[in-house]
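Listed below are the residues making up each chain.
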Amino acid sequence: MTVGLQREKVGEDTFKGTDDKARVSGRGFSLSSLGAVYALIVILILWQVIGSMMDPIYISTPVLVYKNLYAMLFGQHQIWHDIAVSAVEMYVGLAIALVLGSVLGLLIGRSKVARSTLAPYINFLNATPIVITLPLMAIWVGVNQKARIIFIVILALWPVLLNVAAGCRNVSGRYTELGSSAGLTRFEMIRKIIVPGVLPYFLTGARISAGLVVIGVVVSEMEVSLVGLGYLLASYASGFQTAKLLAVFAISTSFGLVNVGVLTLISRKWAPWVATEKRGR
Amino acid sequence: MGAVDNGCLLEIKDIRKSFEGDKGKRNLILDDISLQVCKGEFVSILGASGCGKTTLLRIIDGLIESDSGEVILEGERVGPAQRRRMAFVFQDSNLLPWRSVQKNVELNLEAMKELSKAQRSERAIEALRLVGLEEVASRPPYQLSGGMQQRVGVARALARQPVVFLMDEPFGHLDNFTRERLQQEMSRLIERIGATVVFVTHDIDEAILLSDKIVLMRSNPGQVSRVLSVDLPRPRWKYNVRAHPTALALRESIVEELGLRIDDWEEVGGIQ
Ligand SMILES: Nc1ncnc2c1ncn2[C@@H]1O[C@H](COP(=O)(O)OP(=O)(O)O)[C@@H](O)[C@H]1O
Ligand SMILES: [Mg+2]
């Protein structure tokens, strides 16, 4: 028997090769499987066949929707201005929501005083159907971009706030004692333990918020706007222009997919241990 | 402060600690705990779950404060300077997933501003070598098995080169095979580097294998019920310690003291 300590083998197969694929589809986001593609083709064909037998104001047809979409993006009815207005509102709103949500989340997660002071209001607001604030916003702020951005922020704030607060509490028990035993200063503790520890929680919240801002921009533009994707949706809906409506719908949905997709990729890059830990347990 | 040099490195005097319990009343967890740890000694604190072992260790390391009593290291009351000379090994290895194994070990050195970056990394590698893990230094910890993670936890403490190690059931969460092997490795390592260790466990055989002295703790409130010395030759091996007459006798008296006191049984409703 030697003095040296024996070495265990690390299970190579756990994190290489085939497993990556399982991880991607496990998140329920990609349409990579062939089955899904076939299903999509079948649905489109059925839609085309059934849609052409009916008045186009009901479900329209994929071909009509495509033609309208093309016209909106590259043809005579370009709507880039509306897309740009919506995108600006959405991303400004998202940025504010992420910053504000993180700050409030950290405050509530770290400080007992802040938690007991703010928790009742936060629970109240979180339980309120936020859409009802829209008319109020229009009265207080006016029918303008500011009102819409404020609404988007209020809608998208919660996932970040609640996740960051939960992350703080999780990090507190597990890791801060470690830092404390190592003798880290308060500042080092925040920089080296709390911020990286909370990051995956922040990203989880941010992913949900990135989906919510699309809802927020569309809903607020439907109510308090004369421009933007939401406004177009509302006016096409009232004019029974179903193909156009669905084309705008497709554009809005793409924003959601792109937002969530980008944040999923960022999470996987910045916090790869989250996926691994979940699978490991 | 009159430091009486009786060869004791670490002295714990009359530690009391209570926590807020249900309905606002305070639960006394530690009741006048005193013990002494000499240089190079391996002292186990052995007691049932919930008797306050972790709390005691946290008080020694200054992670929480006691209600009264004092902890004295090398003749001085424990303050920031003393805390730097102790190293804690946690029950779950608690490795930071965003740091590589080596960076996790280095975390424990980052408050030691007198060390350069190169020195920190050198010390970390050396500590990892001691536990046989220098080859996985650049891996993220979540790719390691539970046993390896726990060894990184030990390496993290080794890197500090402390005068006292505080270990809180470091093998408690491991499966039997891994635990047995790590116990044996720990025994070798400690004999080799001559470390002073306060080791918390609820495993009687583990305590006998590793310790020079066993402090038995009673629960509710946590009190020292007896201190036993383990007069077994070193180096010790699991298989020959287990059957050694001294170990058997020791085990007998520990079981009697901790497990089979009739008044304890009555408290839990007696034997039906
Ligand atoms: N921070 C705390 N607040 C309230 N009670 C605590 C706290 N930490 C520990 N306790 C209580 O103190 C007792 C002893 O806990 P602990 O020291 O973890 O025991 P052991 O490590 O021996 O299993 C337990 O009853 C536990 O519930
Ligand atoms: Mg414990």
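Each chain carries its own residue numbering, running from 1 in the written order of its sequence. For naming, the first written chain is A and the first written ligand is 1, with later ones following in the order written. Note on the predicted model: pLDDT of at least 70 is required for a residue's local features to be given, and 80 or more for side-chain atom pairs to be given and counted; whole-chain, interface and lining totals, by contrast, use all residues. Based on all heavy atoms of the structure, the side-chain values leave hydrogens and waters out of the count.

J.: Which residues make up the overall build of chain A, and what are the values?
T.: A run of DSSP states H or I qualifies as a helix once it reaches four residues; a run of E qualifies as a strand once it reaches two. Both are numbered from the N-terminal end. Regarding its fold elements, chain A presents eleven helices and zero strands. Traced from its N-terminal end to its C-terminal end, chain A shows the element sequence α-α-α-α-α-α-α-α-α-α-α. Throughout this description, buried means an accessible area under 20% of the type-specific maximum (1.4 Å probe, protein chains only), exposed means over 50%, and partly exposed covers the range between. Within chain A, the proportion of its 281 residues that are buried is 40%.

J.: How would you sum up the interface of chain B and chain A? Please name residues and give values.
T.: Where interface size is quoted, it is often the accessible area lost as the parts come together. The interface is formed by 38 residues belonging to chain B together with 27 residues belonging to chain A. Buried area adds together the accessible area that both of two parts lose upon being put together, with accessible area traced by a 1.4 Å probe. Summed over both sides, the interface between chain B and chain A buries roughly 3,100 Å², with carbon and sulfur atoms accounting for 58% of that surface. A side-chain nitrogen of Lys or Arg and a carboxyl oxygen of Asp or Glu constitute a salt bridge if their distance falls within 4 Å. Residue A:Glu177 is joined to B:Arg58 by a salt bridge in which the shortest nitrogen-to-oxygen separation is 2.7 Å. Pairing of N or O atoms within 3.5 Å defines a polar contact, subject to two protein rules: one partner must be a possible hydrogen donor and the other a possible acceptor, and residues neighboring in sequence count only if both atoms are side-chain atoms. Across the chain B-chain A interface, the total number found is nine residue pairs in polar contact (both at pLDDT 80 or more). Only helix H5 (146-159) and helix H6 (176-193) of chain B provide two or more residues apiece to the side of chain B that touches chain A. Grouping the constituent residues of the side of chain B that touches chain A by class yields 16 nonpolar, seven polar and 15 charged. Throughout, a contact is declared for two residues whenever any of their heavy atoms are within 4.5 Å. Classes in brief: Ala, Val, Leu, Ile, Met, Phe, Trp, Tyr, Cys and Pro nonpolar; Asp, Glu, Lys and Arg charged; the others, Gly included, polar.

J.: So what's going on with the packing of aromatic side chains? Residues and values would help.
T.: What counts as a ring pair is set by centres within 6.5 Å for rings of Phe, Tyr and Trp (its six-membered ring), and what kind of pair is set by the plane angle: stacked under 30 degrees, edge-to-face over 60, tilted for all other angles. Tallying each qualifying case throughout the model produces eight aromatic pairs over all chains. Measuring from ring centre to ring centre gives 6.3 Å for A:Tyr66 and A:Tyr70, while their planes differ by 40 degrees; the resulting arrangement is tilted. In this pair, A:Tyr66 and A:Tyr70 are both assigned in helix H3 (residues 62-73), four residues apart and thus about one turn of the helix distant. Of the aromatic side chains, those joined through ring pairs into one cluster are A:Tyr66, A:Tyr70 and A:Phe74. A ring is scored as having a charge over it whenever the NZ atom of a lysine or the CZ atom of an arginine sits within 6 Å of its centre and within 35 degrees of its normal. One cation-aromatic arrangement involves B:Arg188 over B:Trp237; the distance from NZ or CZ to the ring centre is 3.8 Å.

J.: Quick rundown of the domain arrangement of chain B? Include the residues and the values.
T.: Residues and elements named next belong to chain B. Boundaries between domains were set according to an automatic or database domain assignment. Looking at the assigned domains, one finds that chain B contains domain 1 (1-85 + 172-272) and domain 2 (96-161). A straight line from the C-alpha centre of domain 1 to that of domain 2 covers 26 Å. Domain 1 puts eleven residues into the contact, and the matching count from domain 2 is 13 residues. Counting every contact that joins domain 1 to domain 2 gives two salt bridges. Two residues, Glu185 and Arg151, come together in a salt bridge whose shortest N-O distance is 3.3 Å. Here domain 1 is connected to domain 2 by three residue pairs in polar contact (both at pLDDT 80 or more). A per-element tally of the side of domain 1 that touches domain 2 places H6 first, with eight residues. For the side of domain 1 that touches domain 2, the per-class residue count stands at five nonpolar, one polar and five charged.

J.: Tell me about unusual backbone geometry, and name the residues and values.
T.: Residue and element names in this part refer to chain B. With an omega of -5 degrees, the peptide bond running from Asn220 to Pro221 counts as cis. Looking at the secondary structure, you find Pro221 in the loop between strand S9 (213-218) and strand S10 (223-229). Of note, the bond from Arg234 into Pro235 is cis; its omega dihedral lies within 30 degrees of zero at -5 degrees. Mapped onto the elements, Pro235 comes out in the loop between S10 and helix H8 (238-242). The phi dihedral of Gln161 falls on the positive side, at around 45 degrees, and the residue is not glycine. Take Gln161: it is sitting in the loop between H5 and strand S7 (164-168). Relative accessible area serves as the criterion here: at 48%, Gln161 is assigned to the partly exposed category. The phi angle at Asn220 is positive, at roughly 50 degrees, despite the residue not being glycine.

J.: Give a detailed account of the sheet that holds S7(B), specifying residues and quantitative values.
T.: Residues and elements named next belong to chain B. Two strands are said to pair when DSSP picks up at least two bridges between them. Strand order across the open sheet formed by six strands is S6-S7-S8-S3-S9-S10, with mixed pairing between neighbours. Here the strands that pair on one side only, and so sit at the sheet edges, are strand S6 (86-89) and S10. The mean inter-strand angle of the sheet, taken between neighbouring strand axes irrespective of direction, is 20 degrees. The sheet contact formed by S7 and strand S8 (residues 197-201) spans four bridges and is parallel. What sits directly across from Leu166, in S8, is Val198. Axis definition: a line fitted to C-alpha atoms, limited for helices to the stretch in contact. Angles are taken between N-to-C directions and run from 0 to 180 degrees. Strands S6 and S7 of the sheet are contacted by H5, whose axis makes an angle of about 175 degrees with S6.

J.: Report on the site of ligand 1, specifying residues and quantitative values.
T.: All names here are of chain B. Any residue with at least one heavy atom within 4 Å of a molecule or strand is counted as near it. Surrounding ligand 1, one finds Phe19, Ile29, Ala48, Ser49, Gly50, Cys51, Gly52, Lys53, Thr54 and Thr55. With respect to ligand 1, the backbone of Gly50 contributes an N or O atom lying 2.6 Å from an oxygen atom. For the area figures, the Shrake-Rupley method with a 1.4 Å probe applies, and any residue is considered shielded solely by the protein chains shown. Burial of ligand 1 by the protein amounts to 59% of the accessible area it has alone, namely 560 Å². Broken down by element, the residue count for the shell around ligand 1 peaks at three residues, all from helix H1 (residues 53-60). Of the residues assigned to the shell around ligand 1, the class counts are four nonpolar, five polar and one charged.

J.: Tell me about the sheet that holds strand S2 (residues 26-38) of chain B, residues and numbers included.
T.: All names here are of chain B. One open sheet accounts for four strands, arranged S2-S1-S4-S5; its pairing is antiparallel. At either margin of the open sheet sits one strand with a lone partner, and together these are S2 and strand S5 (76-77). H1 contacts strand S1 (8-20), S2 and strand S4 (68-73) of the sheet and is inclined by roughly 120 degrees relative to S1.

J.: So, the packing of helix H4 (residues 80-110) of chain A against helix H10 (residues 242-270) of chain A: which residues are in play, and what are the values?
T.: Residues and elements named next belong to chain A. For the pair H4 and H10, the least separation of the axes is 12 Å and the interaxial angle reads 35 degrees. Like other packed secondary-structure pairs, H4 and H10 cross with a definite hand, here right-handed. Residues Ile83, Ala87, Met90 and Tyr91 of H4 pack against Ile251, Phe255 and Asn259 of H10. Residue composition of the contact of H4 with H10, by class: six nonpolar, one polar and no charged. By definition, turning the near helix anticlockwise from the far helix through less than a right angle yields a left-handed crossing, and turning it clockwise yields a right-handed one.

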